[in-house]
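Coordinates in review
Listed below, chain by chain, are the residues.
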Amino acid sequence: MTTWQDFEQDAPDLAPLVRARFEANKHHVLATLRRGGAPRVSGTEVQFIGADLTIGSMAGALKALDLRRDGRFALHSNPADETMADGDAKVSGTAVEITDPAELAAFEGDLPQPPPGSFHAFRLEPEEVVLTTVAGDRLVIRSWRRGEGVRVFERT
């Protein structure tokens, strides 16, 4: 298991840049796996709560049911505009449903407003984090994998 805080400690230069991309906009794109294995893409919001990157979902939503069945996910930040001035961030790993009442209360307490009804909450355990930025005529790709640290690639 890797928490967001573990990632921050392992990649102190990359983590704040990725976090800023997810905090810059409210809506992002989450990919989950359907029962038959095909991908499902859904809109989602993220929250940084304590050591964790989290998402919530309305009770019974298909993305939540997907994650309960198979926790693998990919999360793509809203790139804001075509310039990619601040980069394009992606996180993939395993989502774990928060079921402990105290953890659920902390999750709900950190939301800007309480959910309108029952909900699911998931802690996202990152296994890979990527930030792609543009530098002149080059793409700069910073990639972190659990246990491997950060690698930087450039493409023209």
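Scoring rules and cut-offs
- Residues numbered from 1 in each chain as written.
- Predicted model: local features only at pLDDT ≥ 70, side-chain atom pairs only at ≥ 80, totals over all residues.
- Heavy atoms only, no water.
- Helix = DSSP H or I, 4+ residues; strand = E, 2+ residues; numbered from the N terminus.
- Rg over C-alpha atoms; globule rule 2.2 N^0.38 Å.
- Buried < 20%, exposed > 50% of the residue type's maximum accessible area, 1.4 Å probe, protein only.
- Contact = heavy atoms within 4.5 Å.
- Lys, Arg positive; Asp, Glu negative; His and termini not counted.
- Charge placed at Lys NZ, Arg CZ, Asp CG, Glu CD.
- Salt bridge = Lys/Arg side-chain N within 4 Å of Asp/Glu carboxyl O.

**Let's talk about the overall build of the chain**
Looking only at helices and strands, the chain features four helices and nine strands. The order of helices and strands in the chain, counted from the N terminus, is α-α-β-β-β-β-α-β-β-α-β-β-β. In summary, the chain has a C-alpha radius of gyration of 16 Å against a globular reference of 15 Å for 156 residues, a match within 12%. Each of the three principal axes of the chain carries a C-alpha extent, and together these read 50 × 35 × 30 Å. By residue count, 38% of the 156 residues in the chain fall in the buried class. When contacts within the chain are restricted to residue pairs at least 6 apart in sequence, long-range pairs at least 24 apart make up 57% of them. With 18 positive and 24 negative side-chain charges, the chain shows a spacing of 7 Å between the two charge centroids.

**Some words on the pattern of salt bridges**
Evaluated as defined, the whole model comprises 12 salt bridges. In this structure, the salt-bridge partner of E125 is R123, at a minimum N-O distance of 3.9 Å. Here the two residues E125 and R123 agree in accessibility, since each one is buried. Of the charged contacts in the structure, one is a salt bridge between E128 and R145, with a shortest N-O distance of 3.4 Å. Of this pair, E128 sits in strand β7 (residues 119-135) while R145 sits in strand β8 (residues 138-145), and the two are 17 residues apart along the sequence.

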